[in-house]
2 protein chains.
Amino acid sequence: MKVVKFGGSSLADGEHFAQAINIITADPQRRVIVTSAPGKRNSKDTKVTDLLIQYANEVLNNKPYQQTVGQIINCYVEIANYFNVPPKKLAPIIDRLKELPSWHFPNHNYLMATFKAHGERSNAELMSLILQQQGYEARFVTPTEAGIRVTGTPNNATVMPETYSLLDHFSFNDSELLVFPGFYGITLAGHIATFSRGGSDITGAILARGLHATMYENFTDVDAIYAANPAVVDHPQAITKMTYREMRELSYAGFSVFHDEALIPAIQGNIPINVKNTQHPEKPGTLIVPDKGFQPADIVTGVVSGKHFAALYLHKYLLNKESGFTLRILNILARHDISYEHMPSGIDDITLILDRNQLDDELVDVICNEIQEEINPDQLEWIDNYAITMVVGEGMRNRTGVINDILTPLTEENIPVPMINQGASRISIMIGTYDRDADKAVRAIYHRFFAN
Amino acid sequence: MKVVKFGGSSLADGEHFAQAINIITADPQRRVIVTSAPGKRNSKDTKVTDLLIQYANEVLNNKPYQQTVGQIINCYVEIANYFNVPPKKLAPIIDRLKELPSWHFPNHNYLMATFKAHGERSNAELMSLILQQQGYEARFVTPTEAGIRVTGTPNNATVMPETYSLLDHFSFNDSELLVFPGFYGITLAGHIATFSRGGSDITGAILARGLHATMYENFTDVDAIYAANPAVVDHPQAITKMTYREMRELSYAGFSVFHDEALIPAIQGNIPINVKNTQHPEKPGTLIVPDKGFQPADIVTGVVSGKHFAALYLHKYLLNKESGFTLRILNILARHDISYEHMPSGIDDITLILDRNQLDDELVDVICNEIQEEINPDQLEWIDNYAITMVVGEGMRNRTGVINDILTPLTEENIPVPMINQGASRISIMIGTYDRDADKAVRAIYHRFFAN
């Protein structure tokens, strides 16, 4: 049995729905379907999830929301019309979207989560209507019915382990197609809570694990995951097969095709993931598999840069004899709810690499001031424009000299490398550059390993 | 005015004393002399400090100590005889060494510190006697008289800042030679406490700063500090000049010619250090100078390996999303009073590099068990045979491609490099290898940068 998840762009309009249905019905193994909310129909369009957020904010701020809810409903009506779904059948979906403002929520965050979740929910319900209309035995299943239990904040939930024992008891017959909405689960108190953005991938993975799928197919709008970002490298090579942890390392610095939290249930259930293109389902896509027994075909699988980093360099004489030094720095960060990414250390120096997105300029000043005051370093330097380039490959494991092949093209291109971090992970090398050099670094490394 | 410190091997017997006195009297600037305890006279000899430790332990364990104290005294008697110092003048030194067991000490640690300190103290007193005998105006000055105040444990003391204001008020006339014992200071309660082993270098540096010397000359038994360990590389190049921080980085991994804690007072006082050979005072030795205005002659100044490291590798899926993860690990280490050296981190991996000397096998088990229990990593691996190679040079600062020149010879020699840490310090690159490869790595890198 395969779990098949469709991304928002794959379910944006009737035509795309038709293509998704072709895919579902082409393989009798495809029995569990997970929907995203409708994506953009064209470049000027707004995603339904964004319209729902706007809708929620209008309700929260007592502003008129009729136009927004109309836009949302119109999107589903257009899809339903494409398949001649009778208005009577569509009505409950539309009514529910209209009634949302009258529901009771514990607080604003729950309201937001519930509004957002209805993009996926409405699409799943509509998909099951269309499948039924086409003569398939299809069933719309809510997270409540399936038992997808979550904890955490309403808009950043985490699946609870008991979900898997509940899914074990979820019964369905061999002939039916099950359609689940992605993106959300139900809290213990019975409220809707969503995963982080793009979280339909997570729902698919949970169902693949919980319902013991043999494969998790993730349909999106690209032919495959590429060895480098196509916006940086022209026509990069497609990755046909990689391991879970290669995917994880590549996601970290910027590969965003597949949600990295969705890897966990897949890993736990040992379920291979196939990322494929809805428009070209005949192409093999990218297969993501367990590490065990994986035979890497190449040394390097992918190269990616993330430019959203900053670094704080500290120098203090005899620093490494001061016990508790690191603890004091970490406590300052913790006080401001800031986590660090990496912390390369010299003898008397330490560099804290931080995610720049979690910091505004004021906070940077506050943290630097507190460190200056409490730690009193001889030197403190804030480097705002840091990029991290990850070179990832199972084939690099235990291989001598790869680092040389990575650094040689950077030297040739005269790219300064203020940081190298090798040795923590065995399947990747992390290189720090200034953000202006990041794309050049990716191209240089890519061409070294993938030329021709 | 210059402070001149002689190491133990430079004061081991009468002949060496004579050579030291030649050096002192050859330059009228050499006015402050710091003595170590007598070192080995031949390869089978025992250092006086070690005899004093034996003496202290025999006293503590109520064992006979007459033979040991006799051996110690004999060493001073031989030196005194070489210079025909009258027995009456030597008697107070000998009596004091004999009387030590009858003194009162707050606890065993203070006893040990006081016994040890008498190697230096007796040698300084004897040196001033000999200088006086030769017609020089020499004065033996104790740390109490000078005001060398220390805190910390009795056998691992730290100088107190007030030492410098006390030294500012220490008066001496232009014609006299001052002889200070190295290695120890006086606690606030008036007891002797020693610096860490080799701490006479520290006394010299404190006096150089406190008495405003223009130069701190450190006489030892090598012509210079070399760019690599002569036991590893044949005839390595001498370092004629380097900065304080280059010295510091090289000391870290194993260059032990100059005590690294002794660098601090020199840095604070901006006093150049000249490491010279007592047997060849005409040779320039190695000059250690401030960073400011330093013009590096070469890219790399030195290469050194330390083999006393171990690494703990941890892998946990989505580790870097777990807040407080590092804090929890550091707290486990702190509970056992273990500090970490470096902590390179990947996305889901972290490697803790530890000084193996501070851990016995049982503690390794305990720490690994606690981490397994409290952190529950997916993978935990203890790598016992870790070596760190430091490549150090002010000339590496802001230079692109040096790392390539360092790694290429390692690749050519097929040396696995499980860890590279570049970017914390700007004047060094840290490379992790297995200890069996450490010497080979040093040779390979040395020959790349210093060939011919």
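Residues numbered from 1 in each chain as written. Chains lettered and ligands numbered in written order. Predicted model: local features only at pLDDT ≥ 70, side-chain atom pairs only at ≥ 80, totals over all residues. Heavy atoms only, no water.

A. A look at unusual backbone geometry. One non-glycine residue, Asn414 of chain A, lies in positive phi territory at about 60 degrees. Position of Asn414 of chain A relative to the elements: it lies in the loop between helix H13 (402-412) and strand E19 (419-422). Phi at Asn376 of chain B is positive, roughly 50 degrees, even though this residue is not glycine. As for its placement among the helices and strands, Asn376 of chain B is situated in the loop between helix H12 (361-375) and strand E16 (379-392). For Asn376 of chain B, a relative accessible area of 47% translates into the label partly exposed. (Helix = DSSP H or I, 4+ residues; strand = E, 2+ residues; numbered from the N terminus. Buried < 20%, exposed > 50% of the residue type's maximum accessible area, 1.4 Å probe, protein only.)

B. Seen up close, the relation of the copies chain A and chain B. Superposition record for chain A on chain B: RMSD 0.2 Å, screw rotation 179 degrees, translation along axis 0.0 Å. When the rotation and shift are considered jointly, the pair of chain copies conforms to a two-fold rotation axis. Taken together, the interface assignments show that 100% of the residues at the interface of chain A recur at the interface of chain B, consistent with an identical surface on both copies. (Least-squares fit on C-alpha atoms with pLDDT ≥ 70 in both. Contact = heavy atoms within 4.5 Å.)

C. Molecular detail of the domain arrangement of chain A. One can read the domain layout of chain A as domain 1 (2-221) and domain 2 (302-450). A C-alpha centroid distance of 39 Å is found between domain 1 of chain A and domain 2 of chain A. (Domains from an automatic or database assignment.)

D. Summary view of the UniProt feature "binding site: ATP" (unreviewed entry) in chain A. Residues and elements named next belong to chain A. The positions that UniProt labels "binding site: ATP" (unreviewed entry) are, in the present scheme, Thr220, Asp221 and Tyr226. Along the chain, Thr220 turns up in strand E9 (residues 215-220). Looking at Thr220, the relative accessible area reads 13%, which means it is buried. Look past the residues within four positions of Thr220 in its chain and what remains in contact with it is Ser10, Val257, Val275, Lys276, Asn277 and Thr278. Along the chain, Tyr226 falls in strand E10 (residues 225-226). Leaving out residues up to four positions away in the same chain, Tyr226 has contacts with Pro236, Gln237, Ala238, Ile239 and Phe255. (UniProt positions renumbered as here; feature names shortened; annotations may be inferred.)

E. Quick peek at the environment of Met112 of chain A. All names here are of chain A. Following the sequence through the fold, Met112 ends up in helix H5 (residues 108-133). Here Met112 falls in the buried class, since its relative accessible area comes to 14%. C-alpha of Met112 to C-alpha of Gln54: the two residues are 58 residues apart in sequence and 9.6 Å apart in space. Apart from the residues lying within four places of it in its own chain, the contact partners of Met112 are Ile53, Ala56, Asn57 and Asn155.

F. Structural view of the interface of chain A and chain B. Contacts between the two partners involve 55 residues from chain A, matched on the other side by 55 residues from chain B. Of all residues in chain A, Arg248, Tyr317 and Ile347 of chain A bury the most surface against chain B, accounting for 15% of the area lost on that side. At the boundary of chain A with chain B, the tally comes to two salt bridges. Between Asp348 of chain B and Arg248 of chain A there is a salt bridge; the shortest N-O distance is 2.6 Å. Applying the counting criterion to the chain A and chain B interface returns 16 residue pairs in polar contact (both at pLDDT 80 or more). Listed by contribution, the elements that provide at least two residues to the side of chain A that touches chain B are helix H9 (244-253), helix H10 (263-269), helix H11 (325-335), strand E16 (340-342), strand E17 (349-355), strand E18 (379-392), H13 and E19 of chain A. The leading source of residues in the side of chain A that touches chain B is H13 of chain A, at five residues. Residues that form the side of chain A that touches chain B fall into these classes: 27 nonpolar, 18 polar and ten charged. (Buried area = accessible area lost by both parts, 1.4 Å probe. Salt bridge = Lys/Arg side-chain N within 4 Å of Asp/Glu carboxyl O. Polar contact = N/O pair within 3.5 Å; in protein donor to acceptor, adjacent residues only side chain to side chain. Nonpolar A, V, L, I, M, F, W, Y, C, P; charged D, E, K, R; others polar.)

G. Here's a closer look at the sheet that holds strand E3 (residues 138-140) of chain A. Residue and element names in this part refer to chain A. Spatially, E3-E6-E2-E1-E9-E13-E14-E12 is the arrangement adopted by the eight strands of the open sheet, whose pairing is mixed. The sheet is open, and its two borders are formed by E3 and strand E12 (241-243), each paired with just one other strand. Adjacent strand axes in the sheet meet at a mean angle of 20 degrees, parallel and antiparallel pairs treated alike. Of the pairings in the sheet, the one linking E3 to strand E6 (residues 177-181) comprises three bridges and is parallel in character. Across the sheet, the residue bridging to Ala138 is Leu177, located in E6. (Pairing = 2+ DSSP bridges. Axes fitted to C-alpha atoms, helices over the stretch in contact; angles between N-to-C directions.)

H. Structural detail: empty space enclosed by the protein. One pass over the structure, following the stated rule, counts four cavities of 30 Å³ or more. Roughly 80 Å³ of internal volume is contained in the largest cavity. At the level of secondary structure, the elements contributing two or more residues to the lining of the largest cavity comprise H9 of chain A together with strand E13 (302-315) of chain B. Residue classes in the lining of the largest cavity are distributed as two nonpolar, three polar and five charged. (1 Å grid on protein atoms, 1.4 Å probe; cavity = no way out; pocket = protein on both sides within 12 Å on 5 of 7 lines; lining within 4 Å. Points joined across faces, edges and corners; volume = space filled by probe spheres on them.)

I. Representation of the packing of H13 of chain A against helix H14 (residues 435-450) of chain A within the structure. All names here are of chain A. Between H13 and H14, the shortest axis-to-axis distance is 9 Å and the interhelical angle comes to 130 degrees. The pairing of H13 with H14 is recorded here as oblique in orientation. The chirality of how H13 crosses H14 is right-handed. Contact residues: H13 offers Val402, Asp405, Ile406, Thr408, Pro409, Leu410 and Glu412, while H14 offers Ala441, Ala444, Ile445, Arg448 and Phe449. (Parallel < 35°, antiparallel > 145°, perpendicular 65-115°, else oblique. Left-handed = near helix turned anticlockwise from the far one by under 90°.)

J. Helix H13 (residues 402-412) of chain B, seen in detail. Most of H13 of chain B is tucked away: eight of the eleven residues are buried. When we look at burial in H13 of chain B, the residues that qualify are Val402, Ile403, Asn404, Ile406, Leu407, Thr408, Pro409 and Leu410 of chain B. Along its buried surface, H13 of chain B packs onto H13 and E19 of chain A together with E16, strand E17 (419-422), strand E18 (428-434) and helix H14 (435-450) of chain B.

K. Expanded view of helix H8 (residues 200-210) of chain B. Taken across its eleven residues, H8 of chain B has ten buried, putting it largely inside the fold. All buried positions along H8 of chain B are accounted for by Ser200, Asp201, Ile202, Thr203, Gly204, Ala205, Ile206, Leu207, Ala208 and Gly210 of chain B.

L. Layout of the pairing of strand E15 (residues 302-315) of chain A. Residues and elements named next belong to chain A. Burial of E15 is extensive: twelve of the 14 residues sit out of reach of the surface. Sheet analysis places E15 next to E18, joined by eleven bridges and oriented antiparallel. Paired with Tyr313 across the bridge in E18 is Glu381. Note that E15 and E17 share seven bridges and pair antiparallel. Paired with Ala310 across the bridge in E17 is Leu354.

M. Fine view of the packing of aromatic side chains. By the definition in use, this model includes 24 aromatic pairs over all chains. Across from the ring centre of Tyr164 of chain A, 3.7 Å away, lies the NZ or CZ of Arg209 of chain A, which sits over that ring. (Phe/Tyr/Trp six-rings, centres within 6.5 Å; stacked < 30°, edge-to-face > 60°. Lys NZ or Arg CZ within 6 Å of the ring centre and 35° of its normal.)

N. Spatial organisation of the sheet that holds strand E6 (residues 177-181) of chain B. Residues and elements named next belong to chain B. Taken together, eight strands build an open sheet; the order of strands is E3-E6-E2-E1-E9-E11-E12-E10 and the sheet is mixed. The outermost strands of the open sheet, each flanked by one partner alone, are strand E3 (138-140) and strand E10 (241-243). Here the average twist between neighbouring strands, direction ignored, is 20 degrees. Of the strands in this sheet, strand E1 (2-6), strand E2 (30-35), E6 and strand E9 (215-220) touch helix H1 (residues 14-26), which is tilted by about 150 degrees from E2.

O. Spotlight on the side chain of Thr326 of chain B. Mapped onto the elements, Thr326 of chain B comes out in helix H11 (residues 325-335). What makes Thr326 of chain B buried here is its relative accessible area of 7%. With near-sequence residues (within four places) excluded, Thr326 of chain B lies in contact with Leu330, Tyr340 and Met343 of chain A together with Met343 of chain B.

P. Spotlight on the side chain of Ser428 of chain B. Residues and elements named next belong to chain B. Note on placement: Ser428 falls in strand E18. Within the local environment of Ser428, its side chain forms a polar contact with the side chain of Glu249, the two groups lying 2.6 Å apart. For Ser428, the residues in contact, after removing those within four places along its chain, are Glu249, Met390, Val391, Val392 and Met396.

Q. A look at the packing of helix H3 (residues 66-82) of chain B against helix H4 (residues 87-99) of chain B. All names here are of chain B. Two elements in contact, H3 and H4, have axes whose closest approach is 10 Å; the angle formed by their N-to-C orientations is 165 degrees. Looking at the two axes, H3 sits roughly antiparallel to H4. Between H3 and H4 lies a crossing whose hand is right-handed. Along the contact surface, H3 presents Val69, Ile72, Ile73, Tyr76, Val77 and Ala80, while H4 presents Leu90, Ile94, Leu97 and Lys98. The residue makeup of the contact of H3 with H4, split by class, is nine nonpolar, no polar and one charged.

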